[in-house]
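Residue-level structural notes
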Amino acid sequence: MIGTIVQTSFRSLRRDRGAFMMSFVLPIGFFTIFGFVFGSMRTSSTPRVTVLVVDQDHTDASRALVRGLLREPSLVAMTHPSATKENPAPADYTAATAEAAVRAGDAPVALIIPAGFGANPIAFGPGSARSTFQILHDSADPVGAQVVAGMLQKTVMTSMPATMASMGSQYFDREIGGLTPQQRRQMDQGLARLRQLQAQQSAGTSPQNNANTDFGGMVAVNVRDVVGEKKRSPMISYYAAGVGVMFLLFTASAAGGSLLDESESGALDRVLSARVTMTTLLLGKLTWSALLAFVQLTIMFLWAALVFRLDFFSHIPGFLVMTAITAFAVASFGMLLASLAHTRAQLAAFSTLIILTMSALGGSMFPKFIMSDTMIRVGYFTFNSWAISGYQKIFWRDEPIRSLGPEVAVLVSSGLVLFLLARWFARRWESV
Amino acid sequence: MLAEQEKSEAVPARVLPLRVTGIVKRFGDVNAVSGISFEIRPGSCYGLLGPNGAGKSTLIRSIVGRIHLDAGNIAVFGHPVSSAEARADLGWVPQELAVYPLLTCRENLQAFGRYQGLSGTKLTDSIAWCLDWASLADRANSPVKTLSGGMKRRLNMAAGLIHRPRLVLMDEPTVGVDPQSRNRIFEMVEALRNDGTTIIYTTHYMEEAERLCDWIAIIDHGQIIAEGTKEDLVSRAFGARRSVTMHMGATNIDLAAWAAARGGAVQDFVVHCSVEKPAEIAELLESATRDGLEVLDVTMQRPNLESVFLHLTGKDLRA
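All values reported here derive from a predicted model rather than from experimental measurement.

Once that is clear, we can look at the overall build of chain A. Across its full length, chain A holds 16 helices and five strands. The buried share among the 432 residues of chain A stands at 38%. Taking all contacts inside chain A whose residues are at least 6 apart in sequence as the whole, residues at least 24 apart take part in 80%.

Next up, the structure:
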């Protein structure tokens, strides 16, 4: 008897493709995405932090440090913007251009090697004369600045052995009273070898020394937020958009599903036998779905303003632009899903699979700064990523509406394409 | 077949509520409709009967413009069925409850009225008329899901008439309703007919067709196999003969062949045949006894539409 019950249930599951996918494909798909995001953290594909490096010192020591940073595998260090067709040989970053780039979201962190660093690169205790590094960062990425600060200490230790030893010798002379002539000769010989080694490392002719000998605090670092200094939490607008868009996609899918309900009840036939064309009907459904999405996002952001003190009211024009285009794109997406599905159950299964995948890849579930470059690039194929990007520009970076060009172009054009596809697939509801 | 009808050839096309001319619809290798032609007179109630799979639904969907025909054409008051004029003149009451369950009766009528291009006073007046016609005025603001089955059916009918069409197609409007509600629906249809509206009525219930329809077509295998008034159909099928129904006991004998040899048909050990005179029943009984058949009971009656349908299609209408 129990065997029959099991067999009946198995046959039902096997023939319900929606339930089958929800049971097996969806968990595996999600496991894979999480595996790519988190599982790679112990491998060489750990998400790397992009850092803009500004050398204000221009000494051998600072150049050695820059070269060390460029070699550091956990960083993507850049001393100048990438070359373009218009600007094939871009100038090196200055403190001002690097700060502007961080503000624009081109990189989460900039490191400024101060003038005077070469003369007094490291210190062994408080009160010692030393230059202070500046780390300018976007606190929307709370990890980047800490990674750069840590890597800076490491690089100083590993890329400048001669400088380290020389400074140690000077410290010894000052604090202990100096060496005997024999000791001084031996020390000078050792320093000469270290300088040779440092020169070889800088020239890239010796194997990289990745020994993690963190002495801590050898260089002074001052970390400064350059984006959102006065904002309460960088992640509020991020998740208001991220979570909002994810649920918008579900709502749009359900709203589009009313077509299936009406088809099943016969109401769709009745409507289409009146003076309503399929295009008019779909446009009506699209309008409703987009309006619903618009109101949902507005409520989400108003709630964020009320509870999390998001500065909503001084960003209303940008919010309206982003919300209108996001609502249009997700509504079109819902229409397409509904026109592809043949039953409500099928729609529920497909929409859950696609929406959760898009949300995971697009940054609705976990922040982009913990994703690898590849994952971030894949995320560009999702609405979530573009919507989050646009809302961050408005609410976090205080950028003007004209900066939303890429988001407007992508969301509007993809919305149009999806709607046209929905219209194409909806032909099955027209006269046969 | 058209020549047999008592229809005036002189009726101009723009006055003729419906003219179906040689329509053909194929689905793959299946001929769902094979060259059907008929006309409907103004103000008549045209009954369309046919067993499941006969092509009735395809014909209905063709008339409401939901099917692209492979051949032939359909005109509503002289206009092609897909034209705006035809849509304005044609109302459709589908078999399904094609209304919005979460909306109230009034909201449903508003929606379908607007889909038909109504607005303002015209829409308001039409909603009031529909609610009154369907006896739903006191439930105007009730959501559909709270209505009884009969009320839902009446609202379904009202939604098809919201634009006050001159020709209404009702596809089994009494499916699943209790006898009392069915009677109310009959009264609605009769009231409509008395107002001069032309009606096409499909049903699986012979008594409905006999009560409401003044012209009946029987469709089978995608063709109209008989058409006329009820009396015409009975007379053509049986003449002066009476129909005989014989319930037989279980047997291994080929009952179908036995019935066919006597001009009849069999369904589930029930033989349907006809006799010229009542005395012929005795011969039938003797023949059955001689052939080893057990006759459980015999009834004789004047033939009705059910008998005609069975005679022509070999199937019970509700089979």
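Before going further, it helps to examine the interface of chain A and chain B. Facing the 12 residues of chain A at the interface are 18 residues of chain B. Looking at the side of chain A that touches chain B element by element, the count peaks at five residues for helix 10 (residues 267–273) of chain A. When grouped by side-chain class, the residues that make up the side of chain A that touches chain B number five nonpolar, four polar and three charged.

Looking now at the sheet that holds strand 2 (residues 75–78) of chain A. All names here are of chain A. If you walk across this open sheet you meet the five strands as 2-1-3-4-5, and the pairing is mixed. Lying at the two open borders of the sheet, with one neighbouring strand each, are strand 2 and strand 5 (220–227). Here the strands of the sheet are splayed against their neighbours by 25° on average, with no regard to which way each runs. Pairing of strand 3 (residues 109–113) with strand 4 (residues 132–138), which is carried by four bridges, proceeds in the antiparallel orientation. The residue of strand 4 that forms the bridge with Leu111 is Ile135. Strands in contact with helix 4 (residues 95–103) are strand 1 (49–55), strand 3, strand 4 and strand 5; relative to strand 3, the strand with the most contacts, it is inclined by about 165°. Each of strand 1, strand 2, strand 3, strand 4 and strand 5 is contacted by helix 5 (residues 144–159), which is oriented at about 155° to strand 4, the strand it contacts most.

Core analysis: the largest hydrophobic core is formed by 175 residues, its most contacted members being Val51, Ala110, Leu111, Val148 and Val330 of chain A. Sorting elements by how many residues they give to this core places helix 12 (residues 316–340) of chain A first, with 13 residues. Discounting residues that sit within four places of it in the chain, Ala110 of chain A has contacts with Val51, Leu52, Val54, Ala98, Glu99, Ala101, Val102 and Leu136 of chain A. Grouped together as the second largest cluster of nonpolar side chains are seven residues, Val244, Met248, Leu255 and Cys273 of chain B included.

What follows is about helix 11 (residues 278–308) of chain A. Residue and element names in this part refer to chain A. For helix 11, built from 31 residues, the straight-helix expectation of 45 Å at 1.5 Å per residue is met to within 8% by its first-to-last C-alpha distance of 44 Å. Looking at helix 11, one finds that the buried residues are Leu282, Lys285, Leu286, Ser289, Ala290, Ala293, Leu297, Phe301 and Ala304. Positive backbone phi, approximately 55°, marks Arg309, located one or two places after helix 11.

This next bit is on the pairing of strand 4 (residues 71–76) of chain B. Residues and elements named next belong to chain B. The pairing of strand 1 (residues 18–27) with strand 4 spans five bridges and is classified as antiparallel. Following the sheet pairing, Val24 is matched in strand 4 by Ala71. Summarising the sheet, strand 4 and strand 5 (residues 79–80) pair through two bridges and their orientation is antiparallel. Of the residues in strand 5, the one forming a bridge with Ala75 is Pro80. Taking the residues that link successive antiparallel strands as the turn, the strand 4-strand 5 hairpin has two residues, and the phi of Phe77 there is positive, at about 50°.

Pairing between sheet strands relies on hydrogen bonds along the backbone, with the strands arranged either parallel or antiparallel. All names here are of chain B. Reading across from one edge, 12-13-11-14 is the order of the four strands in this open sheet, with antiparallel pairing throughout. Taken across any chain shown, the strands that pair with only one partner, and hence form the sheet edges, are strand 12 (265–267) and strand 14 (295–301). Across the sheet, the mean angle separating the axes of adjacent strands is 25° when strand polarity is ignored. Relative to strand 13 (residues 270–275), strand 12 runs antiparallel, the two being bridged by three bridges. The residue bridging Ala265 from the neighbouring strand is His272, located in strand 13. Across the sheet, helix 10 (residues 280–290) is in contact with strand 11 (242–248), strand 13 and strand 14; its angle to strand 14 comes to roughly 160°.

What follows covers the packing of helix 3 (residues 60–71) of chain A against helix 5 of chain A. Residue and element names in this part refer to chain A. Contact geometry for helix 3 and helix 5: axes closest at 9 Å, N-to-C directions at 115°. Here helix 3 runs over helix 5; the crossing is right-handed. Where helix 3 approaches helix 5, its residues Ala64, Leu65, Arg67, Gly68 and Leu69 are matched on the opposing element by Thr155, Val156, Thr158 and Ser159.

With that settled, consider the environment of Val93 of chain B. Residue and element names in this part refer to chain B. Tracing the backbone through its elements, the reader meets Val93 in strand 6 (residues 90–93). Separated by 143 residues in sequence, Val93 and Arg236 have C-alpha atoms that sit 32 Å apart. Discounting residues that sit within four places of it in the chain, Val93 has contacts with Asn156, Met157, Gly160, Val168, Leu169, Met170, Asp171 and Pro173.

This next bit is on unusual backbone geometry. Not every positive phi belongs to a glycine, and His58 of chain A is a case in point at roughly 55°. Within the secondary structure, His58 of chain A sits in the loop between strand 1 and helix 3.

Moving on, we come to the pairing of strand 14 of chain B. Residue and element names in this part refer to chain B. Across the seven residues of strand 14, zero count as buried, placing the element largely on the outside. Where strand 11 and strand 14 come together, six bridges link them in antiparallel fashion. Each residue of the ladder has a partner; that of Met246, found in strand 14, is Val298.

What follows deals with helix 3 of chain A. For helix 3 of chain A, spanning 12 residues, the distance from its first C-alpha to its last is 16 Å, which sits close to the expected 16 Å at 1.5 Å a residue. Restricting attention to buried positions, one finds in helix 3 of chain A the residues Ala61, Ser62, Ala64, Leu65, Val66, Gly68 and Leu69 of chain A.

With that settled, consider the confidence of the model for chain B. Residue and element names in this part refer to chain B. Per-chain confidence: chain B averages 88 in pLDDT, with 95% of residues scoring 70 or above. When the criterion is pLDDT under 50, residues 1–8 qualifies, and its contacts beyond four places in sequence or with other chains add up to eight contacts. Our summary of model confidence lists the complex with pTM equal to 0.72 and ipTM equal to 0.78.

All names here are of chain B. Where helix 3 (residues 105–115) meets helix 5 (residues 149–160), the axes come as close as 9 Å, and the angle between the chain directions of the two elements is 25°. Relative to helix 5, the element helix 3 is oriented roughly parallel. As helix 3 runs across helix 5, the sense of the crossing is right-handed. Across from Cys105, Asn108, Leu109 and Phe112 in helix 3, the residues of helix 5 making contact are Leu155, Ala158 and Ala159. Partitioned by chemical class, the residues of the contact of helix 3 with helix 5 number six nonpolar, one polar and no charged.

Parameters at a glance
Residues numbered from 1 in each chain as written. Chains lettered and ligands numbered in written order. Predicted model: local features only at pLDDT ≥ 70, side-chain atom pairs only at ≥ 80, totals over all residues. Helix = DSSP H or I, 4+ residues; strand = E, 2+ residues; numbered from the N terminus. Buried ≥ 20, exposed ≤ 12 C-beta atoms within 10 Å, placed from the backbone. Contact = placed C-beta atoms within 7 Å. Nonpolar A, V, L, I, M, F, W, Y, C, P; charged D, E, K, R; others polar. Pairing = 2+ DSSP bridges. Axes fitted to C-alpha atoms, helices over the stretch in contact; angles between N-to-C directions. Core = buried A, V, L, I, M, F, W, Y, C linked by C-beta atoms within 7 Å. Expected span 1.5 Å × (residues − 1). Left-handed = near helix turned anticlockwise from the far one by under 90°. pLDDT = per-residue confidence, 0-100. Parallel < 35°, antiparallel > 145°, perpendicular 65-115°, else oblique.

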